[in-house]
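Next come the chains, spelled out residue by residue.
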Amino acid sequence: MKIIITGSLGNIGKPLTNQLVAAGHEVTVISSNADKKEAIEKAGAQAAIGSVSDAAFLARTFAGGEALFAMTPPNLGGSNVIANTVEAGKAFAKAIQEAAVKRVVMLSSIGADLPDGTGPIAGLYPIEALYNKLENTAVTFLRAGFFFTNLYNDVPMIKGAGIMGANYPADAKMPLVHPEDIAAAVANELQKESTGKNIRYIVSDVRTPGEIAKAIGAAIDKTDLPWVEFTDEQSLQGMIQAGLPEEIARLYTEMGSGLRSGAIGADFLNGNFPVDGKIKLEDFAKEFAAKF
């Protein structure tokens, strides 16, 4: 098959490219960074360098493609993040239609069933709606859990204050996912026959922040590492002081509030969906310790 991958050679794109190339497919990887061209070609794929907000570029790249992994970048600039994400989604949808791509796997997220109150996830709700309107294209909305790799953002807090924390409590239930499990799910979906529009959740583990702190603490020899719940204001100011643009800090604070209320994880947690990722919290804790 001729398969197009967006997301460059990131945490998902790299293992996904390796799997699809090994399976004998003709793979094109889109990246906005021309410096990635050599690495993409070394991986056995073709490189297409351009912006995912450019519908004409996308349509040219998608032409002749039998399947597409569509991933809109999570932070398109430091301002107007949601609007920029939705605009990229519109460019994708237009290009998919023009190139008549028959099979699309879209990277979505837990909480994408909600129109607002989800922080950076909010851009995915209108994009799912756009893709739902695509005619003659089978789409799987792959709703991923909270990325394990987001926990690397806590390294300065662990080293500086000896804690982990956010504006949600130690006993909140969190669907978690490892990017390699996402890559495996994408590869599976791209290579199978599908019709219509389908939702699939990809979750590796369901744990609480208290359990996260305990597992990571054990892995880095800080067995008393606590999870501390911050207020929304403490969370917001902490991120701004750490250098995040205020708009992004506000979005992440809103996402934390949605995790605290349970709204973001509710559709997955209340449904009969499998936890089918293979990499569990304790596995990730070892990776975390190696980079800590």
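Refer to the structure above for everything that follows.
The residue numbers shown here count from 1 along each chain, following its written sequence. Predicted model: local features are reported for residues with pLDDT of at least 70 only, side-chain atom pairs are reported and counted for 80 or more only, and whole-chain, interface and lining totals are derived from all residues. As a convention, hydrogens and water are excluded, and side-chain values are obtained from all of the structure's heavy atoms.

Engineer: Would you explain the nonpolar core in this entry?
Structural biologist: Generally speaking, soluble globular proteins have nonpolar side chains that are buried together. What we call a nonpolar core is a set of buried Ala, Val, Leu, Ile, Met, Phe, Trp, Tyr and Cys residues that are connected through their side-chain atoms within 4.5 Å. Burial status follows relative accessibility: with a 1.4 Å probe on protein chains alone, a residue under 20% of its type maximum counts as buried, one over 50% as exposed, and anything between as partly exposed. Ranked by size, the top nonpolar core spans 56 residues in total, and within it Leu58, Phe62, Tyr131, Leu151, Met164 and Ile216 carry the most contacts. Secondary structure is summarised from DSSP: a helix means a run of H or I of at least four residues, a strand means a run of E of at least two, and numbering begins at the N terminus for each. The greatest single-element share of this core, amounting to 6 residues, is contributed by helix 4 (residues 81-99). Only heavy atoms enter the contact rule, under which two residues are in contact if any of them lie within 4.5 Å. With residues up to four places along the chain from it excluded, the contact list for Leu58 reads Ile30, Ser51, Val52, Ala91, Phe92 and Ala95. Counting residues in each nonpolar core, the second largest holds 25 residues, with Leu9, Met71, Ile182 and Ala185 among its members.

Engineer: Teacher, can you tell me more about the environment of Ala218 here?
Structural biologist: Relative to the helices and strands, Ala218 is located in helix 8 (residues 209-219). Measuring from C-alpha to C-alpha, the distance between Ala218 and Ala285 comes to 8.3 Å, with 67 residues separating the pair along the chain.

Engineer: In this structure, what is going on with the layout of surface pockets? I would like to understand it.
Structural biologist: The gaps of empty space that remain are located by a probe, the size of a water molecule, rolled over the atoms. A volume near 160 Å³ is recorded for the second largest pocket. Cavities and pockets are defined on a 1 Å grid built over the protein atoms alone: a cavity is a set of grid points where a 1.4 Å probe fits but cannot escape, while a pocket is an open set with protein on both sides within 12 Å along at least five of seven lines, and lining residues are those with an atom within 4 Å of any such point. Leu9, Gly10, Asn11, Lys14, Pro15, Thr149, Tyr152, His178, Pro179, Glu180, Glu287 and Lys291 are the residues that line the second largest pocket. Only helix 1 (13-22), helix 7 (179-190) and helix 12 (281-291) provide two or more residues apiece to the lining of the second largest pocket. All amino acids are sorted into three groups, where Ala, Val, Leu, Ile, Met, Phe, Trp, Tyr, Cys and Pro are nonpolar, Asp, Glu, Lys and Arg are charged, and the leftover types, Gly among them, are polar. Counted by class, the lining of the second largest pocket contains 4 nonpolar, 4 polar and 4 charged residues. Grid points are joined across faces, edges and corners, and a volume is the space filled by probe spheres set on the points.

Engineer: Hey, could you run me through the pairing of strand 5 (residues 103-109) in this one?
Structural biologist: The two faces of the sheet receive side chains in turn, since in a regular strand these alternate between them. Across the 7 residues of strand 5, 7 count as buried, placing the element largely inside the fold. Both faces of strand 5 are covered, namely the face carrying Arg103, Val105, Leu107 and Ser109 and the face carrying Val104, Met106 and Ser108. The rule for pairing is simple: two strands pair if DSSP sees at least two bridges between them. Direction of pairing for strand 4 (residues 67-70) relative to strand 5: parallel, over a ladder of 4 bridges. In the sheet register, Ala67 faces strand 5, and the bridge partner there is Arg103. Sheet topology note: the strand 5/strand 6 (residues 138-144) ladder contains 7 bridges and is parallel. Its bridge partner being in strand 6, Met106 is matched across the sheet by Phe141. By convention, a crossover is right-handed whenever its connection, traced from the first strand over the helix to the second and viewed with the strands pointing away, goes clockwise. Read as a crossover between parallel neighbours, the route from strand 5 over helix 5 (residues 124-132) to strand 6 is right-handed.

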